[in-house]
Amino acid sequence: MNDSVVLVTGCSGHLGARICCSLKESSDSVVVIGVDSVRPKFEEHIDHFLTLDLSLLADIPKTVDHIRNLLSEDLSVSPNFSLGLVNNAAFYGEIDGWGVDFLEETPGAWEQVFKVNLFAPFFLCQSMASLLRAHSGRVVNVSSIAGLVAPQFDLYVDTGMTNEASYGASKAGLNHITKWLASWFAGDVRVNGVAPGGIERGQDISFKDRYISRTISGRMASENDVAEVICFLLSERSEYVNGQVIAVDGGWTAV
Ligand SMILES: NC(=O)c1ccc[n+]([C@@H]2O[C@H](COP(=O)([O-])OP(=O)(O)OC[C@H]3O[C@@H](n4cnc5c(N)ncnc54)[C@H](O)[C@@H]3O)[C@@H](O)[C@H]2O)c1
């Protein structure tokens, strides 16, 4: 029987897919529930996929009820399973006021970014609180170095790339609720975060060269670098780590 269940939001994205895959690779007895607004291209590492637009906050409790039913009906899950939640989804979309300079950011884009990146993780934890408490819950919030330090804007010169204030502010808020929730759950549920540095994905070469020259480890992150730390935070190996946001950034924020 499977003795752990992990819910991963943003499972259709680059990092989400890698997290689901790493979870399956690290254990034969884990059930992965993937949540996203779009269906993943590859579902072999996901046992149950649920469609949810996380910006529709009122839909979160209904989805959690659905998960509760699913778990009670899934005969492969042990009654004493441990429950993990990885809040990994983040807003990257086509919307006015997103992907633009400071002077063009809009209230609508701020609202959407905050709903997906900050409000949804908070209200998922709220809706899942009793489930998490009953099942040795472990929550990992996927933040960013953008929530820890201000952007170095000269990185982006002549690349067309941006670094929105709304994104960094939502991740800084996520870092705070990570500690807040760890304190509220008072040890019944561990709540931690990871703050990845830039993940290499064929970015503009001048950006990449500048970025690498400022990173102690001399390279950008891979999805695997981040997924490994998330798996550790979900496991018993990190039993005494609580309320922390661990930078997985090759030393970017250390200097
Ligand atoms: N890519 C990087 O360099 C980087 C760096 C630091 C932190 N991060 C963080 O890592 C996490 C994963 O990022 P990624 O690079 O894999 O991004 P991605 O765009 O590949 O994946 C994001 C996923 O979130 C989903 N999503 C977005 N809005 C949603 C909504 N309203 N409802 C449900 N799902 C929604 C998308 O469909 C997508 O599958 C994010 O939290 C991001 O902030 C990424």
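Attention in this report is confined to the structure presented alongside it.

## Brief notes about the sheet that holds strand β6 (residues 190–196)
So, step 1. Pairing within the open sheet is parallel, and its seven strands lie in the order β3-β2-β1-β4-β5-β6-β7. Every interior strand has two partners, whereas the edge strands, β3 (48–51) and β7 (245–248), have only one. Geometrically, the sheet is characterised by an average inter-axis angle of 20° between neighbouring strands, direction not taken into account.
So, step 2. Two strands pair when backbone bridges link them, and strand β1 (residues 2–9) and strand β2 (residues 30–36) are joined in this way by six bridges, in the parallel orientation. Residue pairing in the sheet places valine 5 in a bridge with valine 31 of β2.
So, step 3. Strand contacts of helix α3 (residues 107–127): β1, β4 (77–87) and β5 (138–142), with the helix running at about 160° to β4, the strand carrying the most contacts.
So, step 4. Set on the sheet, helix α7 (residues 223–234) makes contact with β1, β4, β5, β6 and β7; between it and β6 the angle comes to about 170°.

## Brief notes about the site of the ligand
So, step 1. Around the ligand, the surrounding shell holds 27 residues, and the nearest of these are His14, Asp36, Asn88, Tyr167 and Arg201.
So, step 2. Its free accessible area being 830 Å², the ligand has 87% of it covered by the protein chains.
So, step 3. Classifying every residue of the shell around the ligand by side-chain character gives 12 nonpolar, 11 polar and four charged.

Rules used throughout
Residues numbered from 1 in each chain as written. Predicted model: local features only at pLDDT ≥ 70, side-chain atom pairs only at ≥ 80, totals over all residues. Heavy atoms only, no water. Pairing = 2+ DSSP bridges. Helix = DSSP H or I, 4+ residues; strand = E, 2+ residues; numbered from the N terminus. Axes fitted to C-alpha atoms, helices over the stretch in contact; angles between N-to-C directions. Contact = heavy atoms within 4.5 Å. Near = heavy atom within 4 Å. Areas by Shrake-Rupley, 256 points an atom, 1.4 Å probe, with all protein chains shown as cover. Nonpolar A, V, L, I, M, F, W, Y, C, P; charged D, E, K, R; others polar.

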